[in-house]
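# Structure assessment
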Amino acid sequence: MLKKNDIVEVVIEDLSHQGSGIAKVDGFVFFVENALPTERITMRVLKLNKKIGFGKVEDYLEKSPHRNENLDLAYLRTGIADFGHLAYEEQLLFKAKQVKDNLYKTAGIKAVELLPTIGMEQPYAYRNKAQIPVRRVNGQLETGFFRKNSHDLLPISDFYIQDKEIDKLILFVRNLLRRFQVSPYNEADQSGLIKNLVVRRGHYSGQMMLVFVTSRPKVFRVEQMVQLITEAFPQVVSIMQNVNDQNSNAIFSKDFKVLYGQDYITDSILGNDYMISAQSFYQVNTVMAEKLYQTAIDFSDLSADDVVIDAYSGIGTIGLSFAKKVKKVYGVEVIEAAVKDARKNAERNGIRNAEFLVGSAEAAMEKWSKEGIKPSVILVDPPRKGLTESFIKASAAMAPKKITYVSCNPATMARDIKHYQELGYNLIKAQPVDLFPHTHHVECIALIQRVKS
Ligand code: SAH
């Protein structure tokens, strides 16, 4: 019988959706970090539950030909790049396989056109947003990332998948905070001031926003820091402060204040211009978001008489990308600030055939049904938990020809497609798009069509 700290030789058989190697020994399924399929390793047993165990590589006896040997282990330990040890081409295959497996296991779908994952040509430095914790490590203020499942900061200066201009700004601000002796936050006794630095950068505009997340309102010599930052980085058009006195995992409170410039940046996607504020959802990989939205446009096969619902519309990016090709777009989004942005974004781009509603997607469907609105296409882009049963029923009841499903979680997407199948719809094709290279996140688009009666 296996016990903690035993060392056994195993062969890794599979990869979990979070990027751990999977090995089976003695009736246990083991999850092993930094171990790839086909690798033969000696594994130390770290922990045993009923049927599941966790192990650690002691030695590699045979390595995978698909292993990326150049990855700094900090990226694996923090989860910044939890698939970074696997060759990029293999990551793309793995993501398509996850979509395929979920569709089969959950919805029983075997025969469907599953297109190969659209990957990035340069899959590095793509993130346009950074949320960087600030803590004291060995007596010094540091910026970096927490080790997985902990709040133990690992100092990092090159964030690998993050825009290099953002990395530079973070380092500059870190040095300023050290120089001005501003105290980093300490979770143990909730002392210290600076909790996080949040940075956004427009991929095309180059504009940057910096947010200081602090535990208290008063920041010593903040005007001087602001001046030094904007002198060194003229692209910074917005510096904000968010005071968050709660010791929770949410980064922002509602308490924002402008320290410099405006409270948003702008950027463009597929030729439209967008205002992006600190809290709004905005796809973190702009180049691939354009490919994602273009795929949604192509799948929806839009024409000038189409009436489109954009459910879970955020700041309106998908609906507004559709608007010039169709008769009318109705968007709905639960966060009021995002809807305000969506309306301004419509105006910015001279789009008059799109309207956005604040509220839950479910309530909006009810309202639009009552008003007799008959969409030909319903586009959905829900968060990870997917759609609700009531949304699925209400949307099918509107009888659109097509439902274009943009998903960041293939498991809930497959569950929802199963529902649509029971309501007279079929999955036609699915296309993964790699918005998050080197991480376990899978983004996918599915075209669901009404079965003709
Ligand atoms: N389509 C947008 C945003 C997608 S993210 C884009 O591509 O940028 C999902 C969005 O759904 C978030 O903005 C979130 O605030 C919103 N949301 C979450 N639950 C919702 C609900 N029940 N009803 C409407 N919107 C919701």
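Residues numbered from 1 in each chain as written. Predicted model: local features only at pLDDT ≥ 70, side-chain atom pairs only at ≥ 80, totals over all residues. Heavy atoms only, no water.

The protein chain carries the name 23S rRNA (Uracil-5-)-methyltransferase RumA in an unreviewed UniProt entry, which gives Streptococcus pseudoporcinus LQ 940-04 as its organism.

## Some thoughts on the sheet that holds strand β11 (residues 194-201)
Sheets are built from strands that pair by backbone hydrogen bonding, the pairs being arranged parallel or antiparallel. Taking strand neighbours across the sheet as the criterion, the 7 strands line up as β10-β9-β8-β11-β12-β13-β14 in an open arrangement whose pairing is mixed. Lying at the two open borders of the sheet, with one neighbouring strand each, are β10 (153-155) and β14 (256-261). Adjacent strand axes in the sheet meet at a mean angle of 35°, parallel and antiparallel pairs treated alike. One ladder, built from 4 bridges, connects strand β8 (residues 129-137) with strand β9 (residues 140-146); its direction is antiparallel. Opposite R136, over in β9, you have L141 as the bridge partner. Of the strands in this sheet, β12 (208-214), β13 (236-243) and β14 are in contact with helix α4 (residues 222-232), which crosses β13 at around 150°. (Pairing = 2+ DSSP bridges. Helix = DSSP H or I, 4+ residues; strand = E, 2+ residues; numbered from the N terminus. Axes fitted to C-alpha atoms, helices over the stretch in contact; angles between N-to-C directions. Contact = heavy atoms within 4.5 Å.)

## Brief notes about the environment of A87
Its place among the elements puts A87 in the loop between α1 (73-78) and α2 (88-107). For A87, the contacting residues outside a window of four places in its chain are H66 and N68.

## Brief notes about the site of the ligand
Residues in contact with the ligand amount to 16 residues; listed here are only the nearest, Y293, Y312, E333, A361 and D381. Y312 places a main-chain nitrogen or oxygen 3.0 Å from a nitrogen atom of the ligand. Measuring from a nitrogen atom of the ligand, one finds a backbone N or O atom of V334 at 3.3 Å. Within the complex, 88% of the 570 Å² of free accessible area of the ligand lies under protein. Those elements giving two or more residues to the shell around the ligand turn out to be α6 (317-323) and α8 (361-370). Class assignment of the residues belonging to the shell around the ligand gives a composition of 8 nonpolar, 5 polar and 3 charged. (Near = heavy atom within 4 Å. Polar contact = N/O pair within 3.5 Å; in protein donor to acceptor, adjacent residues only side chain to side chain. Areas by Shrake-Rupley, 256 points an atom, 1.4 Å probe, with all protein chains shown as cover. Nonpolar A, V, L, I, M, F, W, Y, C, P; charged D, E, K, R; others polar.)

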